[in-house]
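If you want the building blocks of each chain, they are given just below.
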Amino acid sequence: DTAVSQTPKYLVTQMGNDKSIKCEQNLGHDTMYWYKQDSKKFLKIMFSYNNKELIINETVPNRFSPKSPDKAHLNLHINSLELGDSAVYFCASSPGQGFEKLFFGSGTQLSVL
Amino acid sequence: QQPVQSPQAVILREGEDAVINCSSSKALYSVHWYRQKHGEAPVFLMILLKGGEQKGHEKISASFNEKKQQSSLYLTASQLSYSGTYFCGTLISGGYNKLIFGAGTRLAVHP
């Protein structure tokens, strides 16, 4: 069983469209995260949720809206996609709030044309 | 706030050793190391929580010097499977902790 799973793995879309990425973890962890990895491999935190509550919102444009229906799921919806949104988006989870041992999903490669 | 990693890239022959450094301008309370293989997700290697603490993962070990605000990752007798990008991360406090990663060190091990 995959511990942290993301769908889709690849997402190719036009500028201006709206898209969603889904993430689920079966580890029983309390905290989930979204990280963005740009073309230079720089990994940057976007959001973290603890038990469905938003903890970190790292100055991300409000076109990005995370949603956590329960502590095992954290989805990312992106409105009005821009070229600069092209990146790999990783979901991750950890047992507590302290960023102990992050378990990453396999990533979603988003390409905005 | 982002930790600084050096070198940016390393090329090794199998069996050779390498050291990757991670330093911060701010006080460090912990250092986290991850490895990301090409096209895959980052994978946790280790966390160092105390000054001077050393930990190991296979033939990969690390040290943490609080006073110097730096950590070093030691890869001994490198194997082909060690190839990938190594990231160090440091916790930044400000209400809630955030794990901030360095820019990564690309390691290529050749036969």
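Conventions adopted
Residues numbered from 1 in each chain as written. Chains lettered and ligands numbered in written order. Predicted model: local features only at pLDDT ≥ 70, side-chain atom pairs only at ≥ 80, totals over all residues. Heavy atoms only, no water. Helix = DSSP H or I, 4+ residues; strand = E, 2+ residues; numbered from the N terminus. Buried < 20%, exposed > 50% of the residue type's maximum accessible area, 1.4 Å probe, protein only. Contact = heavy atoms within 4.5 Å. Areas by Shrake-Rupley, 256 points an atom, 1.4 Å probe, with all protein chains shown as cover. Disulfide = S-S within 2.5 Å. Buried area = accessible area lost by both parts, 1.4 Å probe. Salt bridge = Lys/Arg side-chain N within 4 Å of Asp/Glu carboxyl O. Nonpolar A, V, L, I, M, F, W, Y, C, P; charged D, E, K, R; others polar. Phe/Tyr/Trp six-rings, centres within 6.5 Å; stacked < 30°, edge-to-face > 60°. Pairing = 2+ DSSP bridges. Axes fitted to C-alpha atoms, helices over the stretch in contact; angles between N-to-C directions.

K.L.:
Please provide a residue-by-residue account of the overall build of chain B, values included.
P.N.:
When you go through chain B residue by residue, the secondary structure sums to 0 helices and 11 strands. Its helices and strands in sequence order give chain B the pattern β-β-β-β-β-β-β-β-β-β-β, from N to C terminus. Taken along the three principal axes of its C-alpha coordinates, chain B extends 45 × 30 × 20 Å. For chain B, with 111 residues in total, the buried portion stands at 46%. Restricting to contacts in chain B with at least 6 residues of sequence separation, those with at least 24 account for 54%. When the accessible surface of chain B is split by element, carbon and sulfur atoms take 50% of a total near 5,600 Å².

K.L.:
Which residues make up the state of the cysteines, and what values go with them?
P.N.:
Residues and elements named next belong to chain A. In the structure shown here, the tally under the stated rule is 2 disulfides over all chains. Here cysteine 23 pairs with cysteine 91 through a disulfide, and the sulfurs are 1.9 Å apart. Around the S-S axis, the bridge from cysteine 23 to cysteine 91 shows a dihedral of about -75 degrees and counts as left-handed. With cysteine 23 in strand S3 (residues 19-25) and cysteine 91 in strand S9 (residues 87-94), the pair connects residues that are 68 residues apart, well separated along the chain. Using a relative accessible area of 1% as the deciding quantity, one classes cysteine 23 as buried. Relative accessible area serves as the criterion here: at 0%, cysteine 91 is assigned to the buried category.

K.L.:
Please set out the interface of chain B and chain A residue by residue, giving values where relevant.
P.N.:
Tallying the contact residues gives 19 residues for chain B and 20 residues for chain A. Together chain B and chain A conceal approximately 1,700 Å² of surface at their shared face, both sides included; 63% is due to carbon and sulfur atoms. Applying the counting criterion to the chain B and chain A interface returns 1 salt bridge. In this structure, lysine 98 of chain B and glutamate 58 of chain A form a salt bridge, with 3.1 Å as the shortest nitrogen-oxygen distance. Secondary-structure elements contributing two or more residues to the side of chain B that touches chain A are strand S4 (31-36), strand S5 (42-48), strand S9 (84-92) and strand S10 (98-101) of chain B. Ranked by the residues each element gives to the side of chain B that touches chain A, the list is headed by S10 of chain B, at 4 residues. In the side of chain B that touches chain A, the residues fall into 11 nonpolar, 5 polar and 3 charged.

K.L.:
Describe in detail the packing of aromatic side chains, supporting the description with residues and values.
P.N.:
For any pair of aromatic rings, geometry is given as the distance between the ring centres together with the angle between the planes. Scanning the model with the defined rule gives 9 aromatic pairs over all chains in all. Consider the rings of phenylalanine 90 of chain A and phenylalanine 104 of chain A, whose centres lie 6.0 Å apart with planes at 85 degrees: the pair is edge-to-face. Taken together, the residues span a long stretch of sequence, with phenylalanine 90 of chain A in strand S9 and phenylalanine 104 of chain A in strand S10 (residues 103-104) at a distance of 14 residues. Look at phenylalanine 90 of chain A and you get buried, because its relative accessible area is 2%. Among the aromatic residues, those joined into a cluster by ring pairs are Tyr33, Tyr35, Phe90 and Phe104 of chain A together with Tyr34, Phe44, Phe87 and Phe101 of chain B.

K.L.:
An account of the sheet that holds strand S8 (residues 73-78) of chain A is needed here, citing residue identities and associated values.
P.N.:
Residues and elements named next belong to chain A. The strand order S1-S3-S8-S7 describes an open sheet built from 4 strands, whose pairing is antiparallel. Lying at the two open borders of the sheet, with one neighbouring strand each, are strand S1 (4-7) and strand S7 (64-70). Sheet twist, expressed as the mean angle between neighbouring strand axes with direction ignored, is 15 degrees. As paired strands, S3 and S8 are joined by 4 bridges and run antiparallel to one another. For serine 20, the partnering residue across the bridge sits in S8 and is histidine 77.

K.L.:
Quick rundown of the environment of isoleucine 55 of chain A? Include the residues and the values.
P.N.:
Looking at where isoleucine 55 of chain A falls in the secondary structure, it is placed in strand S6 (residues 53-57). Once the C-alpha coordinates of isoleucine 55 of chain A and threonine 31 of chain A are considered, the two residues, 24 residues apart in sequence, prove to be 9.2 Å apart. Look past the residues within four positions of isoleucine 55 of chain A in its chain and what remains in contact with it is Ser48, Tyr49, Asn50 and Gln97 of chain A together with Tyr96 of chain B.

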